[in-house]
Amino acid sequence: MSDIEVILPDGSRKTVPEGATARDVAAAIGARLAKDALAARVNDVVVDLSFVVPAGAQVSLITPASADGREILRHSSAHVMAQAVLRLWPGAKYAIGPAIENGFYYDFELPGDARFTDDDLARIEEVMREIVAEDQPFTRRELSLDDGLALFADQPFKVEIISKVREGASDDEDLGEVATGPVVSVYANAGDFVDLCRGPHVPSTKRLGVFKLMRVAGAYWRGDEKRPQLQRVYGTAWESADALAAHLHQLEEAERRDHRRLATEMDLISFPSELGGGLAVWHPRGGIVRKEMEDFSRARHLEGGYEFVVTPHVTNGRLYETSGHLDFYKDGMYPPMEMDNGTYYLKPMNCPMHCLIFNSRARSYRELPLRLFELGTVYRYERAGTLHGLMRIRGFTQDDAHIYCTEDQLQDEIASLLSFVMDVLRAFGFSDFTANLSTKDPEKYVGSDEIWDAATDALRSALERFGLEYQIKKGDAAFYGPKIDIDVRDAIGRTWQLSTIQCDFNHPERFDLHYVGADNQRHRPIMLHRALFGSIERFFGVLLEHYAGNLPTWLAPEQVRVLGVRNDHDAYAASVARTLRAEGVRVSLEEASEPLGSRIRRAKLDKVPYVLVVGDDDVANATVGVNARGSNDPSRGVSVSDFATALAAEILAHGRPDAD
RNA sequence: GCCUGGGUAGCUCAGUCGGUAGAGCAGCGCAUUCGUAAUGCGCAGGUCAAGGGUUCGAAUCCCUUCCCAGGCUCCA
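S.K.: Please provide a residue-by-residue account of the sheet that holds strand β27 (residues 515-516), values included.
M.R.: A sheet is described by the order of its strands in space; here three strands give the open sequence β20-β27-β28, paired in mixed fashion. With partners counted over all chains shown, the strands left at the sheet margins are β20 (363-364) and β28 (522-523), one partner each. Where β27 lies against β28, two bridges are found, and the strand directions are antiparallel. Bridged to Val 516 within β28 is Arg 522.

S.K.: Any chance you could break down the nonpolar core for me, citing the residues and the numbers?
M.R.: Counting 66 residues, the largest nonpolar core has Met 293, Phe 428, Phe 430, Phe 539 and Leu 543 as the members making the most contacts within it. Setting aside chain neighbours within four positions, we find Leu 543 in contact with Met 293, Phe 428, Phe 430, Leu 551 and Leu 555. Of all hydrophobic cores here, the second largest spans 55 residues; its members include Val 80, Met 81, Leu 121 and Leu 149.

S.K.: For the layout of surface pockets, give the residues involved together with the corresponding values.
M.R.: When its volume is computed, the largest pocket comes out at roughly 1200 Å³. If you trace the largest pocket, you find 42 residues lining it, with Met 349, Arg 380, Glu 382, Phe 396 and Gln 398 closest to the centre. Where the lining of the largest pocket is concerned, the elements lending two or more residues are α11 (325-329), β22 (395-405), β25 (483-489), β26 (495-504) and β29 (526-535). Take the lining of the largest pocket: its biggest share by element is six residues, from β29.

S.K.: Tell me about the protein's contact with RNA strand B, residues and numbers included.
M.R.: In the region of RNA strand B, 61 residues are neighbours, and Arg 215, Tyr 220, Gln 229, Arg 601 and Asn 627 sit closest. Of what RNA strand B places within 4 Å of the protein, 49% of the atoms are sugar or phosphate. Within the backbone of Gly 277, an N or O atom sits 3.4 Å from a phosphate oxygen of RNA strand B. A distance of 3.5 Å is found between a base nitrogen of RNA strand B and a side-chain nitrogen or oxygen belonging to Asn 632. Every element with two or more residues in the surface near RNA strand B is listed here: β12 (211-220), β13 (229-237), α11, α18 (596-605), α19 (616-621) and β33 (623-628). The leading source of residues in the surface near RNA strand B is α18, at seven residues. Its residues assigned to classes, the surface near RNA strand B shows 21 nonpolar, 23 polar and 17 charged.

S.K.: Before we move on, could you go through unusual backbone geometry and cite the residues and values that matter?
M.R.: A cis geometry characterises the amide bond from Gly 199 onward to Pro 200, with omega recorded as -5°. When you line up the elements, Pro 200 lands in the loop between β11 (193-196) and β12. Note the cis peptide between Leu 368 and Pro 369, where omega equals -5°. Residue placement: Pro 369 occurs in the loop between β20 and β21 (370-379). Phi is positive for Asp 135, which is not a glycine, with a value near 55°. Phi at Lys 607 is positive, roughly 60°, even though this residue is not glycine. With respect to the helices and strands, the residue Lys 607 is situated in the loop between α18 and β32 (610-614).

S.K.: Lay out helix α9 (residues 284-303) in plain terms, naming residues and giving numbers.
M.R.: Here α9 contains 20 residues, and its C-alpha end-to-end distance of 28 Å stays within 8% of the 28 Å for a straight helix at 1.5 Å per residue. Considered for burial, the residues of α9 that qualify are Gly 286, Val 289, Arg 290, Glu 292, Met 293, Glu 294, Phe 296, Ser 297, Arg 300 and His 301. One or two positions beyond α9, positive phi appears at Gly 305, with a value near 85°.

S.K.: Summarise the pattern of salt bridges; cite the residues concerned and give the values.
M.R.: Going through the model one piece at a time under the given rule, you end up with 45 salt bridges. Of the charged contacts in the structure, one is a salt bridge between Arg 363 and Glu 367, with a shortest N-O distance of 2.8 Å. Given the relative accessible area of 8%, Arg 363 is considered buried. By relative accessible area, which is 23% here, Glu 367 ends up partly exposed. Salt bridges sharing partners connect three or more residues here, namely Arg 285, Glu 558, Arg 561 and Asp 606.

Calculation notes
Position numbers for residues start from 1 in each chain and track the written sequence from start to end. Chains and ligands are labelled by the order in which they are written, letters from A for the one and numbers from 1 for the other. Under the rules for a predicted model, residues below a pLDDT of 70 receive no local features and side-chain atom pairs below 80 are neither given nor counted, while totals for whole chains, interfaces and linings still include all residues. Excluding hydrogens and water, the side-chain figures rest on all heavy atoms present in the structure. Pairing between strands is defined by DSSP: at least two bridges between them are needed. A run of H or I in DSSP becomes a helix once it reaches four residues, and a run of E becomes a strand once it reaches two; helices and strands are each numbered from the N terminus. For this analysis, a nonpolar core means a set of buried residues of the types Ala, Val, Leu, Ile, Met, Phe, Trp, Tyr and Cys, connected via side-chain atoms within 4.5 Å. Relative accessible area decides the class of each residue, using a 1.4 Å probe on protein chains only: under 20% of the type maximum gives buried, over 50% gives exposed, and in between gives partly exposed. Throughout, a contact is declared for two residues whenever any of their heavy atoms are within 4.5 Å. Only protein atoms enter the calculation, which uses a 1 Å grid: trapped sets of points that fit a 1.4 Å probe without letting it out are cavities, open sets showing protein on both sides within 12 Å along at least five of seven lines are pockets, and any residue with an atom within 4 Å of a point is a lining residue. Grid points are joined across faces, edges and corners, and a volume is the space filled by probe spheres set on the points. We call a residue near a molecule or strand whenever a single non-hydrogen atom of that residue lies within 4 Å of it. Counted as a polar contact is a pair of N or O atoms within 3.5 Å, where, for protein atoms, one must be capable of donating a hydrogen and the other of accepting one, and residues adjacent in sequence contribute only when both atoms are in side chains. The nonpolar class holds Ala, Val, Leu, Ile, Met, Phe, Trp, Tyr, Cys and Pro. Asp, Glu, Lys and Arg form the charged class, and all remaining residues, Gly among them, are polar. Expected helix span is computed as 1.5 Å times (number of residues minus one). What makes a salt bridge here is a side-chain nitrogen of Lys or Arg within 4 Å of a carboxyl oxygen of Asp or Glu, nothing more.

Shape is all these values report; function is a separate question.
Structure (structure tokens):
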């Protein structure tokens, strides 16, 4: 038998006997790698270790602590979970079970009317551990479609998947379930479980084990509301106990930062059930933060050449017939109110009203770009199951603007908008941005191809001008024009979609908007929708999570708390508070009726940026002791005026005293 | 809207087999006067989400509705 050469990732060549498997290549490289390898990537296709490598192939081995490796661990864990479920519920139907970010899931339909409950997770996990201990090999086989159908005759979901392959269904629809082409592949481990799967898998179940089942949830078969609802079991799986622990810790951290929890603890916002779902009230401490956000937003928009408008919350439905919203989004609107002269709706968006303002008189090209800005409160009838704290809510306020401009102005306008958006987001402490550029859906759009191309180019070149990393989402645009969405990364690495810049060729048509150009002819303006925060409520929620409630000083509801050491220092404490308050600082005073340590502790728990402690020395010297949030090392003897100066500078700079 | 799990004091939670409600923190009062993360004692606080049913008796069992969580679907 002759030898062949394969090419390793570093470009070096390795000689192996003809017929060698990926496992043999690993062994030829080193014993350690042979022991670690889970699978291989051969000519950029992931394969099992048992795969026979062709001569001249590019071969890299996949080890657990890599993106490929974790995906394989997770996918194989999903198989083991299905096997465990079938042991516990013989006759269960299993649908699909892919690896996902941080874990895996599998969808099932249990026999009879059986349903998983949370308590079942522990039972399933126990059987999974037995299967792991049994050290079952994963064995791949390829079958003809007919043999596949026969093998899974009592598994209707598998039959449907195979039938789809026969019909030539698109590859991206099957979530890694099956090979494409004339054959399907199946993986069996031990005798009692076989699953349709493209693979690859770990060589044996003993390579698994660092997993944890997380929760059970409902999921529609094929993601289609009209099809049966299955039960989905979610798990997480990792290459090591440390990695699993780190992931669980990250989840705890996210929970610690949960804006709903913080909003309650910090007395910022509540969702009284008397109001109904998805409707929030802002308490005084939340209200002052919102006021700061709004004031800042208004100031920046004023500088940015925006004009301020105000529109009502309720309108005659004719407006939304004109705009087309009643046709497209009626389900998302609050139900109509019948009144004497027509049908009225709560406002789900501001744009149609801004178009009316544009159209209230003849417009000259000299007025363009016309930038209309409104903190506009809108109401959307979100389905009950979709509500989520402040992130998904039924009544919210958009920092909404519509810009009317000429085609020639579009490019510059978008570029300056992008700069404006990122500038404002930076002022709130975000610095890591990425973008999505959504392009035309060829099935569903209005406007000419030329204008779409021009607008898409304008968006793209603006992104490139700012060096903003972006992905193109083909066909993801709304029917009325292309758009840029901006994501920010928060302090623990999660991304949030916040801002949006959308071109609109539809509203100007529907509202028959026009301006008179230098040529004395009527022209159609282009309209841009844009929001920076998106919704103030949601942005506030994101800020809370980003800062874990430790808002920067300019936003903190209470910026300074002054504590006298004894109550004979209270008068001096009050004078310090007065001095700061006169400079616009939000300062409170707590009298010395409890031990100092107790009051300090409470102030820290309240996340107050600065606690000032004043005692005998301070009264004598016009000083304060400064205890900053995030520090356990207070500074004694700071002069009141020095503190005030530094605080003013910090507020102006949107800084904060800690780095949490 | 759908699936699973929930809703007990302002917050976090306990409450056994159906026998009539409990803790810690927060609040209030009194005492304490203290130099950087918990002073002591006392008091008050509840339509057990709401409504209906079963029962001698319901926080507990059943039904309906509302609200919440995690998903699915949806998101102009």
